[in-house]
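Residues per chain are reported as follows:
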Amino acid sequence: MAAKKDHYKILGVEKNATPDQIKKAFRKLAIQYHPDRNKGDKKAEDKFKEVNEANSVLSDPDKRKKYDEFGENWEQMQPGDPGGGGRRPSARQGAPFSFDASDYENDERFEDLFSQFFGRQQGRAVARNGANLEAEVQITLEEAFNGTSRTLTLGGTEQHRLNLKKGVRDGQQFRLRGKGHPGQNGGKNGDLLVNIRQIPHPRYTRTGNDLRFQQSVDLYTAVLGGKIRVQTLHGEKMMTLQPGTQYGATLRMRGLGMPVYNSPDGYGDLYVEVQVHIPAQLSPEEHELFSKLAALKGQPHPI
């Protein structure tokens, strides 16, 4: 004949134990006998079930009251029937096998352990999806302009090719599905998230699909106007300056910026900030001519 279960003895508490004492005792024993800490130990697994069953009864005030009054067979007693005079067959044998995740104060690690174990109690393992992995790929502005590719090595051997289209942007993220951590018990593999980082360019500043850079212009062309050669990512282009172009003026060259991602014919603009170059040294003849120009404008000049 099987010995009667004493839930208080199983948890190692007195019959007058407070809810906090019961909770603390359960937490300690559940960790001690958890199957993931005692793999292959059938006694530990049975003990864990026993501890959980005791807690499910004693942590519930109504169940605990009935257990204290009727003992192990409290579930079979009709409400109000003294001394077992009226019995009703129970819909299931024994106390329910469950636990309260709050017993672990929202500790996700233990919630995962319990969910895995409970799945096994139901005759199946709980499917868990694998976690995502993240990687960073650095590219140059020229690679972003022309498009490029990278070979990513996972786990030391597995290689995957990542093709980046023209116009790819800094901060853009690509997802390689199923290339993250493996799933468990039939769960899906996680994904590999690849973040793009564009290396700063010494000449160009990129804003969205537009580019901006500073262009040195000689004083005479800035004053008189004319055409200058501008080196762009599209090749060398000619830009016309109007007479009297001021230092710091910004001129737009349409369609000479970055390709628009996923739009084969779309391009941003190129903004050229004029930096007028003042000659550091003048020949005697140049000095005389500038002096005459200053005189014409009524401007004083050094002798």
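### Here we look at the pairing of strand S4 (residues 173-176)
Move 1: The side-chain alternation of S4 yields one buried face, formed by Phe 174 and Leu 176, and one unburied face, formed by Gln 173 and Arg 175.
Move 2: Pairing analysis gives four bridges linking S4 to strand S5 (residues 192-198), with the strands arranged antiparallel. Bridge pairing in S5 places Arg 175 opposite Leu 193.

### Brief notes about the sheet that holds strand S1 (residues 133-139)
Move 1: Here three strands make up an open sheet; going across it, the order is S1-S5-S4 and the pairing mixed. Strands with a single pairing partner mark the edges of an open sheet, and in this sheet they are S1 and S4. Looking at each pair of strands side by side, their axes are set apart by 25 degrees on average, direction ignored.
Move 2: Bridge count for S1 against S5 is seven bridges, and the pairing is parallel.

### A closer look at the nonpolar core
Move 1: Judged by nonpolar contacts, the single largest core of 33 residues is most densely connected at Val 168 and Leu 270.
Move 2: Considering each element in turn, this core owes the most residues, four residues, to strand S13 (residues 270-277).
Move 3: With residues near it in sequence (within four places) discarded, Leu 270 still touches Tyr 204, Leu 211, Arg 212, Phe 213, Thr 232, Leu 251, Arg 252, Met 253, Leu 256 and Gly 257.
Move 4: One finds Leu 11, Ala 17, Phe 48 and Trp 74 within the second-largest nonpolar core, a separate group that totals 17 residues.

### Some points on the packing of aromatic side chains
Move 1: Evaluated as defined, the whole model comprises four aromatic pairs.
Move 2: Judged by centre distance (5.4 Å) and plane angle (65 degrees), the ring pair of Tyr 204 and Phe 213 falls under edge-to-face.
Move 3: Aromatic pair Tyr 220 and Phe 290: ring centres 6.4 Å apart, planes at 35 degrees, arrangement tilted. Of the two residues, Tyr 220 is situated in helix H7 (residues 219-224) and Phe 290 in helix H8 (residues 284-296); the sequence distance between them amounts to 70 residues.
Move 4: Judged by its relative accessible area of 37%, Tyr 220 is partly exposed.

The rules behind each value
- Residues numbered from 1 in each chain as written.
- Predicted model: local features only at pLDDT ≥ 70, side-chain atom pairs only at ≥ 80, totals over all residues.
- Heavy atoms only, no water.
- Buried < 20%, exposed > 50% of the residue type's maximum accessible area, 1.4 Å probe, protein only.
- Helix = DSSP H or I, 4+ residues; strand = E, 2+ residues; numbered from the N terminus.
- Pairing = 2+ DSSP bridges.
- Axes fitted to C-alpha atoms, helices over the stretch in contact; angles between N-to-C directions.
- Core = buried A, V, L, I, M, F, W, Y, C linked by side-chain atoms within 4.5 Å.
- Contact = heavy atoms within 4.5 Å.
- Phe/Tyr/Trp six-rings, centres within 6.5 Å; stacked < 30°, edge-to-face > 60°.

Just geometry here; none of it tells us what the structure is for.
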